[in-house]
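For reference, the chains in residue letters:
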Amino acid sequence: FFLSNSEVGDRKLSLTTFLYSYVCGNHIVWNASGVQTFSMRHVGQRVDNFREEISGAVCEWMETAALPDESFIRRAKALELGDSKAEVVDYLFNRRSLAIGKALAGRAYDAAEEFEDLHGNPRSVWGMASGLTRISQGAFADERETIDAAAGRLLEMVN
């Protein structure tokens, strides 16, 4: 969230809440969603009222802002790609849109299995996307982009 105020009263007291992907070095917030702004002119005792109103709004936002993402992750964790490593690897290899080989799919499965306690079932869409992402972190830039794109396409399967 951003909270802004003026020491001399030349602008409104405001609170802007949102979810975002990242902030770059230029302090630009990228892929903000669920943006909500609350503001009030900064005069007299209204600031005290604003504080009470905002605290309720912030609490509500903290409890609900991530619900769509949490729901998506639950669905991705529930959607299994196969009953065994071999089935999952074959499934990933046979999906032309993913454009990954069997060796990479196998390495991704192994990475997902190694971090199963963190990411969940390695046979799930979420587990395999996490495994692919883990593999990409050790790759050179050109291969990393290809692997991360495959993980993104895999996640697109979740409705």
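Up top is the structure.
Residues numbered from 1 in each chain as written. Predicted model: local features only at pLDDT ≥ 70, side-chain atom pairs only at ≥ 80, totals over all residues. Heavy atoms only, no water.

Enquirer: Teacher, can you tell me more about the overall build of the protein chain here?
Expert: Looking only at helices and strands, the protein chain features seven helices and five strands. Each helix and strand of the protein chain, placed in order from N terminus to C terminus, yields the pattern β-β-β-β-β-α-α-α-α-α-α-α. Against the globule reference of 15 Å for 159 residues, the protein chain gives a C-alpha radius of gyration of 22 Å, more extended than a compact globule. In the protein chain, buried positions account for 30% of the 159 residues. Within the protein chain, residue pairs in contact and separated by at least 24 positions form 44% of the contacts whose partners lie at least 6 positions apart. (Helix = DSSP H or I, 4+ residues; strand = E, 2+ residues; numbered from the N terminus. Rg over C-alpha atoms; globule rule 2.2 N^0.38 Å. Buried < 20%, exposed > 50% of the residue type's maximum accessible area, 1.4 Å probe, protein only. Contact = heavy atoms within 4.5 Å.)

Enquirer: I would appreciate a short explanation of a nonpolar patch on the surface in the present structure.
Expert: Together, Tyr-22, Ile-28 and Trp-30 make up a nonpolar patch on the protein surface, roughly 290 Å² of accessible area in all. The residue Ile-28 is located in the loop between β3 (22-23) and β4 (29-30) in this model. Note on Ile-28: relative accessible area 37%, which makes it partly exposed. (Patch = residues over 30% accessible without salt bridge, like charges linked within 9 Å, V, L, I, M, F, W, Y side chains within 5 Å. Areas by Shrake-Rupley, 256 points an atom, 1.4 Å probe, with all protein chains shown as cover. Salt bridge = Lys/Arg side-chain N within 4 Å of Asp/Glu carboxyl O.)

Enquirer: Whenever I open this one, the nonpolar core confuses me. Can you help?
Expert: The nonpolar side chains of a soluble globular protein tend to be buried, and buried together. Ranked by internal contacts, the top residues of the largest apolar core, which has 24 residues, are Leu-81, Leu-92, Ile-100, Met-128, Leu-132 and Leu-154. Looking at this core, the elements with two or more residues in it are α3 (85-94), α4 (102-114), α6 (125-136) and α7 (141-155). Once residues within four sequence positions are removed from consideration, Leu-132 is found in contact with Ile-100, Leu-104, Ala-108, Ile-147, Ala-150, Ala-151 and Leu-154. Met-40, Phe-50, Ile-54 and Val-58 belong to the second largest nonpolar core, which has six residues in total. (Core = buried A, V, L, I, M, F, W, Y, C linked by side-chain atoms within 4.5 Å.)

Enquirer: Honestly, the packing of aromatic side chains in this entry has me stumped. Any pointers?
Expert: Centre distance and the angle of the planes are the two values used to describe a pair of aromatic rings. If you walk through the whole model with that rule in mind, you get three aromatic pairs. Arranged with centres 5.0 Å apart and planes meeting at 55°, the rings of Phe-2 and Phe-18 form a pair that is tilted. Here the residue Phe-2 occupies a position in strand β1 (residues 2-4), and Phe-18 occupies one in strand β2 (residues 13-19), the gap between them amounting to 16 residues. Since its relative accessible area comes to 47%, Phe-2 is described here as partly exposed. Here Phe-18 falls in the buried class, since its relative accessible area comes to 7%. In this structure an aromatic cluster arises from ring pairing among Phe-2, Phe-18 and Tyr-20. Sitting over the face of the ring of Phe-115, Arg-134 holds its NZ or CZ atom 3.7 Å from the ring centroid. (Phe/Tyr/Trp six-rings, centres within 6.5 Å; stacked < 30°, edge-to-face > 60°. Lys NZ or Arg CZ within 6 Å of the ring centre and 35° of its normal.)

Enquirer: Honestly, the sheet that holds β2 in this entry has me stumped. Any pointers?
Expert: Think of a sheet as strands paired side by side through backbone hydrogen bonds, with each pair either parallel or antiparallel. One open sheet holds the three strands; their spatial order is β1-β2-β5, and the pairing between them is antiparallel. With partners counted over all chains shown, the strands left at the sheet margins are β1 and β5 (33-40), one partner each. Adjacent strand axes in the sheet meet at a mean angle of 10°, parallel and antiparallel pairs treated alike. Relative to β5, β2 runs antiparallel, the two sharing six bridges. Pairing of Thr-17 across the sheet is with Gln-36, part of β5. (Pairing = 2+ DSSP bridges. Axes fitted to C-alpha atoms, helices over the stretch in contact; angles between N-to-C directions.)

Enquirer: Explain the pairing of β2 to me, please; I cannot follow it from the model alone.
Expert: The side chains of a regular strand alternate between the sheet's two faces. Most of β2 is tucked away, with six of its seven residues classed as buried. Summarising the sheet, β1 and β2 pair through three bridges and their orientation is antiparallel. Bridge assignment links Leu-3 to a residue of β2, and that residue is Leu-15.

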